[in-house]
Amino acid sequence: MKENPDKPIALIDMDGTWLQWGVRLNEILLRLDPSFPIVDDDKRTGWDDLAGPGANPEVLKAAMNHPDLYTGLDPVPYAVEAILEMADEGWNVFHCSTPTWTNPGCVAGKLAAVDQYFGPEWADRLILTYDKTVVRGDVLADDKGVITGAAVPTWKHLIHDQSHNRSVTGTPRMTDWREWRGHVYPMLGAVSV
């Protein structure tokens, strides 16, 4: 797959944006402690709202660093199809994700997900960074409501709607991956690429 410098760049977050990371986290939490007070994805009120009252922080830490946390994650409905459509329509598409370096399976799991759903040629399109503001792009689709870092981003933020980011206003929001065109093209001020 060859990049085209004249086409826009889409940066796509992985966990919670096109992969159902929260579902796997809750499965592991309950495996480690069947009485763990999980917070279902649709009830989270903040990006890091991962445990209910009385939660054992050591269990949460063990789950966050569990080597299977990033293994075999299911995609968000229609996300894979939409991302492939972007590429087919000429976008330079990259997966842009924040790694959990303390988790021994994180990087391998993210690479495996890209390979499984997009093919091995997409491995070179995975950007792992703690600071997405330093990555050049036109649009960043991400479930994190507010993204800060060392630079003023070149990209415009498109929030992938989740319960934990609904308090954020004033930023374009996508609730369904099938609607991607109606969100990203207006953000560029263009009808098509």
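These numbers come from a predicted model, not from an experiment.

As for the overall build of the protein chain
Counting secondary structure elements, the protein chain contains 5 helices and 6 strands. When the helices and strands of the protein chain are placed in sequence order, the string is β-α-α-α-β-α-β-β-β-β-α. Taking the principal axes of the C-alpha coordinates as reference, the protein chain spans close to 50 × 35 × 30 Å. For the protein chain, with 193 residues in total, the buried portion stands at 47%. Contacts spanning at least 24 positions in sequence make up 63% of the contacts within the protein chain whose residues lie at least 6 apart. Positive and negative charge centroids in the protein chain, built from 17 and 28 side chains respectively, lie 3 Å apart.

Regarding the packing of aromatic side chains
For the structure on display, the rule yields 6 aromatic pairs. With centroids separated by 5.8 Å and ring planes inclined at 85 degrees, the aromatic side chains of W18 and Y117 adopt a geometry described as edge-to-face. Highlighted residues: W18 in the loop between β1 (9–12) and α1 (21–32) and Y117 in helix α4 (residues 106–118), separated in sequence by 99 residues. On the basis of relative accessible area, W18 is assigned to the buried category, the value being 0%. Three or more aromatic residues link up through ring pairs in this structure, and these residues are W18, Y117, F118 and W122. Between the NZ or CZ atom of R125 and the centre of the ring of W122, over which it lies, the distance is 5.6 Å.

Quick notes on the packing of helix α3 (residues 79–88) against helix α5 (residues 180–188)
Running from N to C, α3 and α5 point in directions that differ by 45 degrees, and their axes come no closer than 11 Å. Relative to α5, the element α3 lies oblique. When the axes of α3 and α5 are compared, the crossing they make is right-handed. Contacts between α3 and α5 involve A82, E85 and M86 from the first element and W180, R181 and V184 from the second.

Concerning the UniProt feature "active site" (unreviewed entry) in the protein chain
Residues annotated by UniProt as "active site" (unreviewed entry) correspond here to D13 and D15. With relative accessibility at 5%, the residue D13 sits in the buried group. Once residues within four sequence positions are removed from consideration, D13 is found in contact with W18, C96, S97, K132, L140, A141, D142 and D143. Side-chain polar atoms of D13 contact the side chain of T17, separated by 2.8 Å. Mapped onto the fold, D15 is located in the loop between β1 and α1. Excluding residues within four positions of it along the chain, D15 makes contact with W21, Y70, L73, S97, T98, K110 and D143.

Criteria and cut-off values
Residues numbered from 1 in each chain as written. Predicted model: local features only at pLDDT ≥ 70, side-chain atom pairs only at ≥ 80, totals over all residues. Heavy atoms only, no water. Helix = DSSP H or I, 4+ residues; strand = E, 2+ residues; numbered from the N terminus. Buried < 20%, exposed > 50% of the residue type's maximum accessible area, 1.4 Å probe, protein only. Contact = heavy atoms within 4.5 Å. Lys, Arg positive; Asp, Glu negative; His and termini not counted. Charge placed at Lys NZ, Arg CZ, Asp CG, Glu CD. Phe/Tyr/Trp six-rings, centres within 6.5 Å; stacked < 30°, edge-to-face > 60°. Lys NZ or Arg CZ within 6 Å of the ring centre and 35° of its normal. Axes fitted to C-alpha atoms, helices over the stretch in contact; angles between N-to-C directions. Parallel < 35°, antiparallel > 145°, perpendicular 65-115°, else oblique. Left-handed = near helix turned anticlockwise from the far one by under 90°. UniProt positions renumbered as here; feature names shortened; annotations may be inferred. Polar contact = N/O pair within 3.5 Å; in protein donor to acceptor, adjacent residues only side chain to side chain.

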